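# Tertiary structure, described
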Amino acid sequence: MKTSRLSAMVAPVCLLLLTACSETSHQPVIVIAGADPARGREAIVRYGCVACHAIPGIGNPGSNVGPPLRQFARRAYVGGVVPNMPTDLVAWLIDPPAIDPRTAMPNMGVTQADARDIAAYLYTLQ
Ligand code: HEC
C-alpha cells in the first residue's frame, strides 16, 4: 500500500522533470560564438519578454500577445519576414520595426550583446 502510494506521487514529478528537460536542456542547434544561453535567459527575464510571449523555461505560459517561442530553433522565419538565422534574429531582437515596419513587437532597447545571448537561449528551444 505504502509503495504504491509513493509511486503514484513520484510518477507525476518525473513526468514534470522530463518535460522541463526536453524543452530547455538540449544543446543549441546553432551556436553563436561568445554568446551564453544562461545569460540570455536572464536577459529575457530582465526585459520582460514574457509579458507578451510564452517562453519555455521562463514562465508566464499564458502570455499570448506575441507567438509562443517554444521550439523556436525549428522556426523557419523570424516574424514571418527574415530567415531564422543568427544575424537576422539578432537584428530582429534589437529593433523589430526596422525589419518589419508593421510588426506589433516594439523596440525593447535590447543591446547587441544581450540580443546575442537571447538568441543563444532561443536556439536551445527545440
Ligand atoms: C508588447 C509585446 C511584445 C514584447 C514585450 C516582446 N515581443 Fe516579441 N513579438 C511580439 C509580437 C506581436 C510578435 C509577432 C511579430 C510579427 O510576426 O510581426 C513578436 C515576435 C517575436 C519573435 C519572432 C517569433 C516568430 O515566431 O517569428 C521573437 C524571436 C521575439 N518576438 C522575441 C522577443 C523577445 C526576446 C522579447 C524581449 C526582449 C520580446 N519578443 C518582447 C510582441 C512582443
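Here the structure is shown first, and the text comes after it.
Residues numbered from 1 in each chain as written. Predicted model: local features only at pLDDT ≥ 70, side-chain atom pairs only at ≥ 80, totals over all residues. Heavy atoms only, no water.

## Topic: the coordination of the iron atom of the ligand
Only His 53 (NE2) and Met 105 (SD) from the protein coordinate the iron atom of the ligand, and they sit 2.0 to 2.2 Å from it. Each of the 6 donor atoms around the iron atom of the ligand contributes to a set of angles spanning 84 to 178°, which defines the coordination as octahedral. Of this pair, His 53 sits in the loop between α2 (37-47) and β1 (77-78) while Met 105 sits in the loop between α4 (96-99) and α5 (112-122); the two residues are 52 residues apart in sequence, bridging distant segments of the chain. Under the relative-accessibility criterion, His 53 is labelled buried at 12%. On the basis of relative accessibility, which here comes to 22%, the residue Met 105 falls in the partly exposed class. (Donors = N, O, S within 2.8 Å, 3.2 Å for Na, K, Ca; no water. Tetrahedral: all angles 85-135°; square planar, octahedral: opposite > 155°, others 65-115°. Helix = DSSP H or I, 4+ residues; strand = E, 2+ residues; numbered from the N terminus. Buried < 20%, exposed > 50% of the residue type's maximum accessible area, 1.4 Å probe, protein only.)

## A closer look at the site of the ligand
Neighbouring the ligand are 24 residues; Cys 49, Cys 52, His 53, Arg 75 and Met 105 lie closest to it. Contact distances for the ligand include 2.7 Å between a nitrogen atom and a side-chain N or O atom of His 53. Between the ligand and Gly 79, the relevant distance is 2.6 Å, taken from an oxygen atom to a main-chain nitrogen or oxygen of the residue. Counting only elements with at least two residues in the shell around the ligand, the list comes to β1, α3 (86-94) and α5. Among the residues making up the shell around the ligand, the classes are represented as 19 nonpolar, 4 polar and 1 charged. (Near = heavy atom within 4 Å. Polar contact = N/O pair within 3.5 Å; in protein donor to acceptor, adjacent residues only side chain to side chain. Nonpolar A, V, L, I, M, F, W, Y, C, P; charged D, E, K, R; others polar.)

## Structural notes on α5
Counting buried residues in α5 gives 8 out of 11 residues, a clear majority hidden from the surface. The complete set of buried residues in α5 reads Asp 114, Ala 115, Asp 117, Ile 118, Ala 119, Ala 120, Tyr 121 and Leu 122.

## Looking at the pattern of salt bridges
For the structure on display, the rule yields 2 salt bridges. With its nearest N and O atoms 2.8 Å apart, the salt bridge here joins Arg 39 to Asp 117. With Arg 39 in helix α2 and Asp 117 in helix α5, this pair connects stretches of sequence that are 78 residues apart. A salt bridge links Arg 46 to Asp 114; its shortest N-O distance comes to 3.4 Å. (Salt bridge = Lys/Arg side-chain N within 4 Å of Asp/Glu carboxyl O.)

## Thoughts on the side chain of Asp 114
Along the chain, Asp 114 turns up in helix α5. A polar atom in the side chain of Asp 114 sits 3.4 Å from the side chain of Arg 46. Sequence-distant contacts of Asp 114, that is, excluding residues within four places in its chain, are made with Ala 43, Arg 46 and Tyr 47. (Contact = heavy atoms within 4.5 Å.)

## Concerning the side chain of Ser 63
Checked against the element boundaries, Ser 63 lands in the loop between α2 and β1. Contacts of Ser 63, omitting those with residues within four sequence positions, involve Val 50, Ala 51, Cys 52, His 53 and Ala 54.

## Concerning unusual backbone geometry
Residue Asn 60 is not a glycine yet carries a positive backbone phi of 55°. Overall, Asn 60 belongs to the partly exposed group, its relative accessible area being 42%. For Gln 71, which is not glycine, the phi dihedral falls at a positive 55°. When you line up the elements, Gln 71 lands in the loop between α2 and β1. Gln 71 sits in the partly exposed class, given a relative accessible area of 29%.

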